[in-house]
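Chain by chain, the residues:
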Amino acid sequence: MNITEKILARASGKTSVSPDDVVFVNVDKVMVHDVSGPGVMAVFEKLRKKGMIIDKIWDPERVWVAEDHFVPAADKISAQNIVSLTNFTKQFGIKKHFKYGMGQYGICHTLSHEEAMVLPGEVYVGGDSHTNTTGALGAFAAGLGHTDVAYVLLNGKIWFKVPETLFFKINGKLPDHVMAKDLILKIIGDIGTDGAAYKTMQFGGTGVSEMSVESRLTLTNMTTEAGAKSGIVEPDQKLRDYLAARGVTKYDEVHEDSDAQYEKIYEYEGSEMEPIVAKPFSPENTVVARDLSSVELDKAYIGSCTGAKLEDLQAAAKILKGKTVKIRTEILPAAMSIFRKAMDQGLLKIFMDAGVVVGPPTCGACCGAHMGVLAKDEICISTTNRNFPGRMGHVESQTYLASPLVAAASAVTGKITDPRDLK
Ligand SMILES: CC(C)[C@H](C(=O)O)[C@@H](O)C(=O)O
Ligand code: SF4
């Protein structure tokens, strides 16, 4: 069995499972946020109207809540949603509620690794499509809809069809001007946005073992954009060190068998990778950044669960040091812990000296919610993960997806720029 099959077998109490088997698994952790939380509450209300008594959930210790999409409250509705969410966690005794404006809050998928909310070998589900991100910690991590999350909250279990696994073998280290973002955009460009529909995308090879945990998280985050059920990387010493730095050393790692099977193996030569950009209006619409050097921009956005981890900010700072941005540029660290490290490392000063606006951790403009959404015809380069029509604002705005290096270099020139071409 491969790692995904082994985790699902263990969680369903079976000695072995195969792709397409339907298993009923015990869930280890569940997450809801300020959009999916109210959605799940609405499901509970519906069930109550049908006469069901819901006065407790399965295990409040295994549930955690993040306020991230509409914080700081964007309008009256989102302000009310935060209040409802707080009542919800109080009612059910959920203690791990990361509140905006209090302590280590941040984007849910960033908290999952920064605060070590999920551990290797676990089955983790969340009310958000990018829950896949956390598979980089060697867990089975998948997003669910409101009804399924409600079911898990009440029963602690859920069914899955065991996915087929596509294995992406990366040979050799990525060059300095290339980031994990370029690699995953290249992969999505190759297989398409339905290329991994209901499958697991597993990443391995020397290119991945050489990669930081944060880079691996960028790969798994965007498996959602290829339609994948989950994304995963096998645990190794780098992951153990990452978790130990967060005070966690006890967990039950799962490793695959030496004769693990995959539906298909794709190979990429890491050293041959180039900066890649996805043009509007799909993450699969990829070209090399240099082919877009005539595209004039209105805005650069460095934020989101995909593109505002510490190393993303460090990459942006490497480019922006001593430079001035030519277009509106925002940098929103993905969590408070990262914001603090960026401050301690002097990155915020570099950004502000370059004329960048630094904002609080939030999903913000990534999903067109607030905090700098785009006007009609505006063109943005963004480190986020989606660029569908209207994703970051007006339905006739345009988003180009790129790595933090490309986004920062483009902020300096005002045009899409390969970091190698920045003078
Ligand atoms: C709002 C939320 C449910 C949504 C998701 O599920 O992914 C958002 O995070 C996104 O990235 O589009
Ligand atoms: S940052 Fe963007 S992609 Fe990530 S959870 Fe928030 S809205 Fe979704």
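By convention here, each chain's residues receive numbers from 1 onward along its written sequence. Written order decides the labels, with chains lettered from A and ligands numbered from 1. Thresholds applied to this predicted model are a pLDDT of at least 70 for local features of residues and 80 or more for the giving and counting of side-chain atom pairs; totals over whole chains, interfaces and linings are not thresholded and use all residues.

Novice: Would you mind going over the overall build of the protein chain with me for this structure?
Specialist: A run of H or I in DSSP becomes a helix once it reaches four residues, and a run of E becomes a strand once it reaches two; helices and strands are each numbered from the N terminus. Across its full length, the protein chain holds 14 helices and 18 strands. Dimensions along the principal axes, computed over C-alpha positions, put the protein chain at roughly 60 × 55 × 40 Å. Residues counted as buried form 53% of the 423 residues belonging to the protein chain. By definition, residue pairs are in contact when their C-beta atoms, positioned from the backbone, come within 7 Å. Of all intrachain contacts in the protein chain linking residues separated by at least 6 positions in sequence, the fraction that spans at least 24 positions is 75%. Three exposure classes are used, all based on how many other C-beta atoms lie within 10 Å of a residue's own C-beta (placed from the backbone): buried at 20 or more, exposed at 12 or fewer, and partly exposed between those limits.

Novice: Mind showing me how you'd approach the UniProt feature "binding site: [4Fe-4S] cluster" (unreviewed entry) in the protein chain here?
Specialist: According to UniProt, the positions carrying the feature "binding site: [4Fe-4S] cluster" (unreviewed entry) are Cys305, Cys363 and Cys366. Over a stretch of 62 residues, the named residues converge on one spot in the fold, their C-alpha atoms separated by at most 9.2 Å. Along the chain, cysteine 305 falls in helix 10 (residues 304–307). Leaving out residues up to four positions away in the same chain, cysteine 305 has contacts with Ile107, His109, Thr110, His130, Thr133, Asn221 and Ala334. In this fold, cysteine 366 is placed in the loop between strand 16 (357–358) and strand 17 (379–382). UniProt positions are given in the numbering used here, feature names are shortened, and annotations may be inferred rather than shown by experiment.

Novice: When you look at the environment of lysine 56 in this model, what are you seeing that I'm missing?
Specialist: Inspection of the secondary structure assignment puts lysine 56 in the loop between helix 2 (36–49) and strand 3 (63–66). For lysine 56, a count of 12 C-beta atoms within 10 Å puts it in the exposed group. When the C-alpha atoms of lysine 56 and glycine 93 are compared, they prove to be 8.6 Å apart, with 37 residues separating the residues in sequence.

Novice: Any chance you could explain the sheet that holds strand 10 (residues 230–233) here in plain terms?
Specialist: Either a parallel or an antiparallel arrangement is found when strands of a sheet pair, and the pairing is made through backbone hydrogen bonds. The strand order across the open sheet built from four strands is 10-9-8-11, with neighbouring strands paired in parallel fashion. Across the chains shown, the open sheet's two edge strands, defined by having one partner strand only, are strand 10 and strand 11 (264–269). Mean inter-strand twist for the sheet, computed between neighbouring axes without regard to direction, equals 20°. Strands are labelled as partners when DSSP assigns at least two bridges between them. When strand 8 (residues 165–171) meets strand 9 (residues 200–204), the two strands line up parallel, connected through five bridges. Across the sheet, phenylalanine 167 pairs through a bridge with glutamine 202, a residue of strand 9. Helix 1 (residues 3–11) contacts strand 8, strand 9 and strand 10 of the sheet and is inclined by roughly 105° relative to strand 10. Axis angles are defined between N-to-C directions and span 0 to 180 degrees, where every axis is a line fitted to C-alpha atoms and, for a helix, only to the segment in contact. Sitting on the sheet, helix 8 (residues 213–221) touches strand 9 and strand 10, and the angle it makes with strand 10 is about 155°.

Novice: What is the right way to read the site of ligand 2 from this model?
Specialist: As a rule, any residue with its backbone-derived C-beta atom within 6 Å of a molecule or strand is reported as near that molecule or strand. Contacts to ligand 2 come from His69, Ile107, His109, Asp128, His130, Ser304, Cys305, Cys363, Cys366, Cys367, Thr384 and Asn385. Tallied by class, residues from the shell around ligand 2 come to five nonpolar, six polar and one charged. In this structure, the shell around ligand 2 is formed jointly by two domains, domain 1 (3–268) and domain 2 (277–421), each of which donates at least three residues. Under the scheme applied, nonpolar residues are Ala, Val, Leu, Ile, Met, Phe, Trp, Tyr, Cys and Pro; charged residues are Asp, Glu, Lys and Arg; polar residues are all the others, including Gly. Each domain's limits were defined by an automated method or a database of domain assignments.

Novice: Got a minute to help me understand helix 3 (residues 76–92) in this structure?
Specialist: Three or four residues apart is the spacing at which side chains of an α-helix point the same way, because the helix has 3.6 residues per turn. Given a helix with a known number of residues, its expected span is that number minus one, times 1.5 Å. Compared with the 24 Å implied by 1.5 Å per residue over 17 residues, the 25 Å span of helix 3 between its first and last C-alpha is a close match. Immediately beyond the C-terminal end of helix 3, within one or two residues, lies glycine 93, with a positive phi of roughly 70°.

Novice: How should I be thinking about the domain arrangement of the protein chain in this particular structure?
Specialist: Segmenting the protein chain into domains produces domain 1 (3–268) and domain 2 (277–421). For domain 1 versus domain 2, the separation of C-alpha centres amounts to 24 Å. Facing the 35 residues of domain 1 at the interface are 34 residues of domain 2. For the side of domain 1 that touches domain 2, the elements supplying multiple residues, two or more each, are helix 4 (108–114), helix 6 (180–191) and helix 8. It is helix 6 that provides the largest number of residues to the side of domain 1 that touches domain 2, a total of six residues. In the side of domain 1 that touches domain 2, the residues fall into 12 nonpolar, 16 polar and seven charged.

Novice: Would you explain the packing of helix 6 against helix 8 in this entry?
Specialist: Two measures define how a pair of helices packs: the angle their axes make with one another and the distance between the axes. Relative orientation of the contacting elements helix 6 and helix 8 amounts to 25°, with a least axis distance of 9 Å. Between helix 6 and helix 8, the interaxial angle falls into the category roughly parallel. By crossing handedness, the relation of helix 6 to helix 8 is classed as right-handed. Between helix 6, through Ala180, Lys181, Leu183 and Ile184, and helix 8, the contact on the second element is made entirely by Ser215, Thr218 and Leu219. Note on angle classes: values under 35 degrees are labelled roughly parallel, values over 145 roughly antiparallel, values of 65 to 115 roughly perpendicular, and the remainder oblique. By the definition used in this description, the sense in which the near helix is turned from the far one sets the handedness, with an anticlockwise turn below a right angle giving left-handed and a clockwise turn giving right-handed.

Novice: Just checking my understanding: could you explain the confidence of the model for the protein chain for this structure?
Specialist: Residues shown with low pLDDT carry predicted positions that ought not to be read at fine detail. Confidence of the predictor at the level of single residues is given by pLDDT, which spans 0 to 100. With 100% of its residues at a pLDDT of 70 or more, the protein chain shows a mean pLDDT of 98. Reported confidences for the modelled complex are a pTM of 0.98 and an ipTM of 0.98.

Novice: I'm lost on the site of ligand 1 in this one. Help?
Specialist: The local shell around ligand 1 consists of Val35, Ser36, His69, Asp128, Ser129, His130 and Cys367. For the shell around ligand 1, the per-class residue count stands at two nonpolar, four polar and one charged.

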